[in-house]
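Secondary and tertiary structure notes
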Amino acid sequence: MVKVAVPLVAWAAVASAFSAVPQAGKPHIVLILADDYGHANLGYNARKTGNKQLIAETNTPNLDALIDDGVYLSQHYSYAVCAPSRSSLQSGRFGSHVNMFNTAPEAVNSADPISGYAGIPVAMTGMAEVLKSAGYRTHGVGKWDIGMATPAHSPFGKGYETFIGYYQHANDYWNKRGSFLATGEVDMCLSLMLDFFSYNETYRGGNPNPGQVTDSCKCQEGTETGCQNGGDENTYPSCFEETIFMNAAMDRIRAHDTSQPQHPLFLFHSFHFLHTPLEAPIAAIRELNQTIRDKGGDPINLESRLMYNSMVLLMDKIVGRLVQTLVGKGMFENTLLAFLSDNGGPIYLPAGANNYPLKGGKWSDWQGGVLANAFISGGVVPASIRGTVHAGIFSIADWYTTFAEVAGLYDNDEMKYPVSLDDGVLVDQKAKAANDWMDANRLDETTNPRLPPLDGVPQWAAILAGRDARDGNPIHISPQALVWKQDAGLLKLVTGKQYFGRHVGPVFPNCSTLQSGQNLQGPARQTVKFLDIQYEPSTNEEQIDTLTWTEDCGGGCLYDLASDPTESNDLASDPAFAVELERMQAKLAALNATLFLPNRGDQPSTACDSFINHGGFYGPFMALEQTSETYQWGYVPDFYKGGSPPWPLDRTPDEVRTMISIVNKPKVLNCLRGLIGDVWPSFFNEVLMQTVDTCSLYPNPTPDVEEVLIPALDLPVDINASSLVQWLDATCEEGYELGLEAYGTEPNPDNVVPCEGC
């Protein structure tokens, strides 16, 4: 019997839910996606290590209970980083066939109207569109990160009826602003905008609730600010992002009309947890500390590990509340709940995750980066397979086709659009129509690449039968890695240079990790991005390899994952595996010949104008040309509606517009990019790595990167348009046309159509 951590009054209802016979018809589907979840940070995995300290620190009773009465997916593979994995999940394609990069969502290449943007191309059918065609009511909350340029890229354009969340890789959990600490990036809009979007039946735009775009409810140790309410408000502060997502998801469950079984619920709950910045309510930190004491563990002595595990604890509590709401609504007995992470945990400082005993982490193709935590649970899981482990190979792209299978679409030969069946294979008809249009217009495939077909395979029947749906069907992890089950075993090929090629211990990161980072021995993040240019932590390749714990596999490291799940024994030089190595290398080369590599373009400053015009929030900033084809691919007329949200920024719209216009002048950009390139390596090594984390028995907030970068660049603390010009005059080389009056709006080189009327 499951033991979900909910109030005692709900125990009987939970028990009934798991013992009930599923209702007739299509089940509800609840998809919960965690961000950057470490392998060892899940209690189910931690308890298998037997390490007392790790078990004491890892508190996930709700997730563990769901796994114990569900099915754990032990071979679930993702891409190694957020946006490609999420694009794969929502499009049903490998990352190599939809999106392989964390491209800035403002990117535009107007020469390619289908794929010339960040994220999923406009003409690929989204997961929610498929389920909507099967009668599902579709709702989303949380992180998006798979495109924003046009309304067709938005959750609305990809099939979600309602959504509240953010578009970028991350934002601040409290004030919802973009920050360098959250994303490792300062964009062409100087990261000044808020990233918190909302839409429903009557409104589409930046979040209009001032109480949800403020940190006024933040409760901090040593201050009464935000701490006066007590109880739930301390555990779930009203302005904390995950509280807002939780409440929105529970509201959608409660509002669902169960009297219409032909319209079941599809809910996508996409956590910001556990992505940086590492932020949690003080109540969660206190609860974790007390739980560790109760379990006989030692206090956590590293701030990042304490914060990360506090976030894990709170994420688990939120999952428990979602389950409790489903039970209370009488829906859980007819629900398929899928939980997964978008990739493994990041092990660079100060990300805080632990993938023990796996090798590597996020940004690498080692198991710690791509073997993501995943399981299914819920009342529709048959009693005969509850509490089992499914060892079949599973790609994150397979959820698309698996949900279509659960929704009955593989039994519907009459379905024609947006997907159809062709000899039992699901076909994306919207993508096919776009390819036909490009062919008819004789568009060059080098500049307008054709959209690849679906890679996902349906897994539901295979899980029920205990068979491997991908036996003999390889997973193209990345251009540098492949997993393939063959007669010789479950083999994995890893090629080239790979970041974070280390095994870490069960209690990681720790003070020794921080000392290693401060001694410039890693682990450190490999790149950052300023004004659309990537910067590495050193100009010396050997030092970069040291800082990032890089291992070079050259033509290939080969592992038998069945006998060596931690990638400790490279078989590439073993003569007994010479044939398998050659076969794996040939297969990877063949798959790499099919890579989907559209030109995503650059970040136009006109995108920033659109964000300002729509209240200072990120959101769609281009309108697709209104043609019959774009209607077919997802044209959304009159996208923004319901009025403008209150202006949320400290600076006025004109001040923000002027600052962005100044920085986007070509000469100024050249100056700033060069200056950052000169300063960054020494700043990274001498300042950032020395202040990136804190070794103590209680967290002392480390400074945000901006707090130490601004002095390093000698920038004014309270920068505005006038002080920016003065600083540029004093800093950049002579001959620049400086002076505030010289900075007008740049011409629009990409001929971007603004999203004024869209």
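Just so you know, these numbers come straight off a predicted model, no measurement behind them. (Residues numbered from 1 in each chain as written. Predicted model: local features only at pLDDT ≥ 70, side-chain atom pairs only at ≥ 80, totals over all residues. Heavy atoms only, no water.)

Side note on the overall build of the chain
In terms of regular secondary structure, the chain is built from 24 helices and 23 strands. Out of the 758 residues belonging to the chain, those deemed buried represent 63%. Put simply, of all contacts in the chain between residues at least 6 apart along the chain, 77% involve residues at least 24 apart. As displayed, the chain offers around 26800 Å² of accessible surface, 50% of which is attributable to carbon and sulfur atoms. (Helix = DSSP H or I, 4+ residues; strand = E, 2+ residues; numbered from the N terminus. Buried < 20%, exposed > 50% of the residue type's maximum accessible area, 1.4 Å probe, protein only. Contact = heavy atoms within 4.5 Å. Areas by Shrake-Rupley, 256 points an atom, 1.4 Å probe, with all protein chains shown as cover.)

Looking at the side chain of Asp-172
The residue Asp-172 is located in the loop between strand E5 (162-166) and helix H7 (180-183) in this model. Among the polar contacts listed, one links the side chain of Asp-172 to the backbone nitrogen of Trp-174, at a separation of 2.8 Å. (Polar contact = N/O pair within 3.5 Å; in protein donor to acceptor, adjacent residues only side chain to side chain.)

Observations concerning the pattern of salt bridges
Applying the stated criterion to the full structure yields 24 salt bridges. A salt bridge links Lys-359 to Glu-551; the nearest nitrogen and oxygen atoms lie 2.8 Å apart. With Lys-359 in the loop between strand E10 (335-341) and helix H12 (367-370) and Glu-551 in strand E22 (residues 551-552), this pair connects stretches of sequence that are 192 residues apart. The buried category is assigned to Lys-359, whose relative accessible area is 5%. Bridged by salt links that share partners, the residues Asp-35, Arg-86, Lys-143, Asp-145 and Asp-342 form one connected network. (Salt bridge = Lys/Arg side-chain N within 4 Å of Asp/Glu carboxyl O.)

A look at the sheet that holds strand E21 (residues 533-535)
Taken together, three strands build an open sheet; the order of strands is E6-E20-E21 and the sheet is mixed. The sheet terminates laterally at strand E6 (185-186) and E21, the two strands that pair on one side only. (Pairing = 2+ DSSP bridges.)

Considerations on unusual backbone geometry
Put simply, Phe-273 and Leu-274 share a cis peptide bond, and its omega is 15 degrees. The residue Leu-274 is located in the loop between strand E9 (265-270) and helix H10 (282-294) in this model. Positive phi, normally seen in glycine, also occurs at Asp-36, with a value near 60 degrees. Of note, Asp-36 is situated in the loop between strand E1 (28-34) and helix H2 (43-49). Look at Lys-176: it is not a glycine, yet its phi comes out positive at around 70 degrees. Following the sequence through the fold, Lys-176 ends up in the loop between E5 and H7. A relative accessible area of 0% places Lys-176 in the buried class.

A short note on the packing of aromatic side chains
Taken as a whole, this structure holds 35 aromatic pairs when the rule is applied. Ring centres 5.2 Å apart and planes at 85 degrees place the aromatic pair Phe-639 and Tyr-640 in the edge-to-face group. A ring pair is formed by Trp-680 and Phe-684, whose centres lie 5.8 Å apart and whose planes are at 55 degrees; its orientation type is tilted. Placement of both Trp-680 and Phe-684 in helix H22 (residues 666-691) is noted, with a separation of four residues, approximately one turn of the helix. Across the ring face of Tyr-72, the terminal group of Lys-48 is positioned such that the distance to the ring centre comes to 5.8 Å. Lys-176 extends its terminal NZ or CZ atom over the ring of Phe-196, reaching a point 5.5 Å from the ring centre. (Phe/Tyr/Trp six-rings, centres within 6.5 Å; stacked < 30°, edge-to-face > 60°. Lys NZ or Arg CZ within 6 Å of the ring centre and 35° of its normal.)

Regarding the pairing of strand E11 (residues 374-377)
The alternating pattern of E11 places Ala-374 and Ile-376 and Phe-375 and Ser-377 on opposite faces, both of which are buried. In this structure, strand E2 (residues 71-73) lies alongside E11, joined through two bridges in antiparallel fashion. Bridge assignment links Tyr-72 to a residue of E11, and that residue is Phe-375. Pairing of E10 with E11 involves four bridges; the strand directions are antiparallel. Bridge pairing in E11 links Leu-340 to Ala-374.

Just geometry here; none of it tells us what the structure is for.
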